[in-house]
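Residue-level structure breakdown
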Amino acid sequence: AMKFLENRGFFRIEKSNEEYDFIRVDKGVVRVVPIHKIIDYIFDFTKDCLPLEVNEMLLSGGSQYLGAWQVGRLQYFHPFFNKPTRGQEFMYFQNEVWKITADKIEAIPFSSIQFNVWADQIHEDQAVSLLPEMIQIYKAPDTGAFSYVLTPTGRKCDFLQFLINASNFSWRKKEVSPQEQEDNAQHLVNKLCAFGYLVSSFKDMSISKAVVAMDGKPQEFDEANGRTGKSLFGQALRKVVKTKQMNGKEIGTSNTNRQFLWDGLDEKTRIVLGDDLMKDFDFDMVFSLTTADWPVNPKNKTPYTIPFAQSPKIFLNSNYAIAGDGSSYTDRMWLLAFSDFYNDEHKPIDDFGVLFFEEWSPEQWNLFWNLAAQCV
């Protein structure tokens, strides 16, 4: 039975805490499977393909033949996952793989990659195709400031237009000065770069930062704003990479029970997302984690440490200004400012007519995936 399962791709894989998961490997794709799925696989096979006596024997024997101890004797599988590399990223879809470099994005077949991929890295969308460039970004030769031109493809993308609106701090004015247009462009480019940084797997300790989204409207320290699109930005990140979302009201304050705070984090987690932080958020909670290994103390399990190169990046959003002073804090924070173009009375659905992600057409999904790749 063990050889039968191993010949069909069922194995164990060791985790950071020296425990293991059961997996199935199919054409290089690695999927975690619970033990009952493995036992079901055996029973389904015996029911369909073997004499009735064998099926009855397994049923009557219970855990004598197929219990946790027996299945736990499966061999260990040692996958070869792609090591994050500077200047190269991959996005995986059902029908193809996108290889992203600074010079180009190219679609390649799954058969051409020589490494294993986790199943939850593969996006279910099958209607993807590479599109022309959506936005052309350049620096003004006289000021060095960023500016951009939308292409016809970019003008079709709802998420890109949402980011443009959320970067528009002069929307109330009938006449917008060149300086204000320039400022708005900086905010947009900042968001696009931050998005690409967060969904990229490579980590460089010298420029590792926590991306912090806040409202750009002037405010006092204890004044809360909101509804500006910060959470929607976080939702978009969750669509692209595996993210652990944490309620900001439960983390990062002086009363937080920090012992099991990072329970559930593993090497597959690419982003830790702290949503809707409290006004007394303690940035020291994540300060050291931006450039160090990440210790995890899971409940009822052995503690372990995720090495820096495999640890998640950090995205935080808050309706309050986050306290922190000095170069150490500024070196570790990448600030994103969201305008009040969207607010309590004006929401993205008012402009686009659909709920983002839930009601998008295949065309909008394809535009979104292309934008994500171009951000990288």
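Calculation notes
In this convention, every chain numbers its residues from 1, walking through the sequence in written order. Given that this is a predicted model, residues contribute local features only at a pLDDT of at least 70 and side-chain atom pairs are listed and counted only at 80 or more, while totals for whole chains, interfaces and linings are drawn from all residues. The basis for every side-chain value is the complete set of heavy atoms in the structure, and neither hydrogens nor water enter the calculation. The rule is short: rings of Phe, Tyr and Trp, with Trp giving its six-membered ring, pair when the centres are within 6.5 Å, and they are stacked under 30 degrees, edge-to-face over 60, tilted in between. Whether a residue is buried, partly exposed or exposed follows from its accessible area with a 1.4 Å probe, protein chains only, as a fraction of its type maximum: under 20%, in between, or over 50%, in that order. Secondary structure follows DSSP: runs of H or I at least 4 residues long count as helices, runs of E at least 2 residues long count as strands, and numbering of each begins at the N terminus. To get an axis, fit a line to the C-alpha atoms, keeping to the stretch in contact for a helix; angles then go from 0 to 180 degrees between the N-to-C directions. The labels follow the angle: roughly parallel below 35 degrees, roughly antiparallel above 145, roughly perpendicular from 65 to 115, and oblique for the rest. The contact definition used throughout considers only heavy atoms, calling two residues in contact when any of these lie within 4.5 Å. Polar here means any residue outside two lists: the nonpolar Ala, Val, Leu, Ile, Met, Phe, Trp, Tyr, Cys and Pro, and the charged Asp, Glu, Lys and Arg; Gly therefore counts as polar. Note: two strands are recorded as paired if DSSP finds a minimum of 2 bridges between them. Put simply, a nonpolar core is a bunch of buried Ala, Val, Leu, Ile, Met, Phe, Trp, Tyr and Cys residues held in one set by side-chain atoms that sit within 4.5 Å of each other. Here a polar contact is taken to be a pair of N or O atoms separated by no more than 3.5 Å, where protein atoms must pair a possible hydrogen donor with a possible acceptor and residues adjacent in sequence count only if both atoms sit in side chains. Working definition: the arc comes from the directions between the helix axis and the C-beta atoms, pointing outward to the latter. Values of pLDDT, which run from 0 to 100, indicate the predictor's confidence residue by residue. Each salt bridge in this description consists of a side-chain nitrogen of Lys or Arg and a carboxyl oxygen of Asp or Glu lying within 4 Å of one another.

The description of two aromatic rings rests on the distance between their centres and on the angle between their planes. According to the stated counting rule, one finds 38 aromatic pairs in the structure shown. Between F93 and W98, the aromatic rings sit 4.7 Å apart at their centres with planes inclined by 55 degrees, giving tilted as the arrangement. Residues F93 and W98 agree in their burial class; the two are buried. Aromatic pair F159 and F357: ring centres 6.4 Å apart, planes at 45 degrees, arrangement tilted. Here F159 is found in helix α7 (residues 158-166), whereas its partner F357 is found in the loop between α12 (348-352) and α13 (362-375), with 198 residues between them in sequence. Per residue, the accessibility class of F159 equals that of F357, and both read buried.

Before going further, it helps to spend a moment on the packing of helix α8 (residues 178-199) against α13. One way to put it is that α8 packs onto α13 with a least axis distance of 7 Å and a crossing angle of 85 degrees. By the criterion of interaxial angle, the relationship of α8 to α13 is roughly perpendicular. Counting all contacts with α8, which are made through L192, F195 and G196, the residues of α13 involved are F368, L371, A372 and C375. The residue makeup of the contact of α8 with α13, split by class, is six nonpolar, one polar and no charged.

Okay, the sheet that holds strand β2 (residues 20-26) next. Strand order in the open sheet formed by four strands is β1-β2-β3-β7, with mixed pairing between adjacent strands. Looking at strand neighbours, the two that pair on one side only are β1 (10-14) and β7 (117-118), the edges of this open sheet. Taken together, the two bridges between strand β3 (residues 29-32) and β7 define a ladder with parallel strand orientation. Opposite V30, over in β7, you have W118 as the bridge partner.

Among the five residues that make up strand β4 (residues 89-93), five are buried, leaving the element largely enclosed by the rest of the structure. With four bridges joining them, β4 and strand β5 (residues 97-100) adopt antiparallel strand pairing. Paired with F90 across the strands is K99, a residue of β5. Connecting β4 to the antiparallel partner β5 that follows it, the hairpin turn spans three residues. Here β4 pairs with strand β8 (residues 122-123) via two bridges, running parallel. From the neighbouring strand, F93 faces β8, where its bridge partner is H123.

Further remarks concern the environment of Y138. Relative to the assigned elements, Y138 resides in strand β9 (residues 135-139). In the structure, Y138 is positioned 205 residues away from N343 in sequence and 30 Å away in space, judged by C-alpha atoms. Leave out the neighbours within four places in its chain, and Y138 touches A145, F146, S147, Y148 and V149.

With that settled, the discussion passes to the nonpolar core. Residues F159, F195, F315 and F368 are the most contacted members of the largest nonpolar core, which totals 50 residues. Broken down by element, the residue count for this core peaks at eight residues, all from α13. In terms of nonpolar packing, the next biggest core, distinct from the first, is built from 24 residues, L265, F283, I306 and L316 among them.

Take the side chain of D215 next. Relative to the helices and strands, D215 is located in strand β11 (residues 210-215). Taking the relative accessible area as the measure of exposure, D215 reaches 6% and is therefore buried. A distance of 3.1 Å separates polar atoms of two side chains, one belonging to D215 and the other to K230.

Once that is clear, we can look at unusual backbone geometry. Located in the positive-phi region is K27, a residue other than glycine, with phi close to 55 degrees. Mapped onto the secondary structure, K27 falls in the loop between β2 and β3. On the basis of relative accessibility, which here comes to 82%, the residue K27 falls in the exposed class. Positive phi outside glycine occurs at F357, with the angle close to 75 degrees. By relative accessible area, which is 7% here, F357 ends up buried.

A word on the sheet that holds β8. With respect to topology, four strands assemble into an open sheet ordered β6-β5-β4-β8, the strand pairing being mixed. Across the chains shown, the open sheet's two edge strands, defined by having one partner strand only, are β6 (105-108) and β8.

For the rest of this paragraph, the subject is helix α3 (residues 52-61). For α3, every residue scored as buried is listed here: N55, L58 and G61. Down the axis of α3, the buried side of the element spans an arc of 140 degrees, and every buried residue falls inside it. Turned more than 90 degrees from where α3 packs its buried face, L52, E53, L59 and S60 sit exposed. The first or second residue beyond α3 is G62, which carries a positive phi of 60 degrees.

This paragraph deals with the confidence of the model for the protein. The pLDDT averaged across the protein works out to 90; a share of 94% of its residues lies at or above 70. The least confident element of the protein is helix α11 (residues 327-332), whose mean pLDDT is 76; the most confident is α7, at 98.

Here we take up the environment of I251. Structurally, the position occupied by I251 is in the loop between β12 (243-247) and β13 (271-277). Sequence-wise, I251 and L261 are 10 residues apart; in three dimensions their C-alpha atoms are separated by 7.6 Å.

Applying the stated criterion to the full structure yields eight salt bridges. Its salt-bridge partner being R86, residue D204 comes within 3.3 Å of it at the nearest N-O pair. Taken together, the residues D204 in the loop between α8 and β11 and R86 in the loop between α5 (68-71) and β4 connect sequence positions 118 residues apart. Residues R172 and D340 are paired through a salt bridge, measuring 3.1 Å at the closest nitrogen-oxygen approach.

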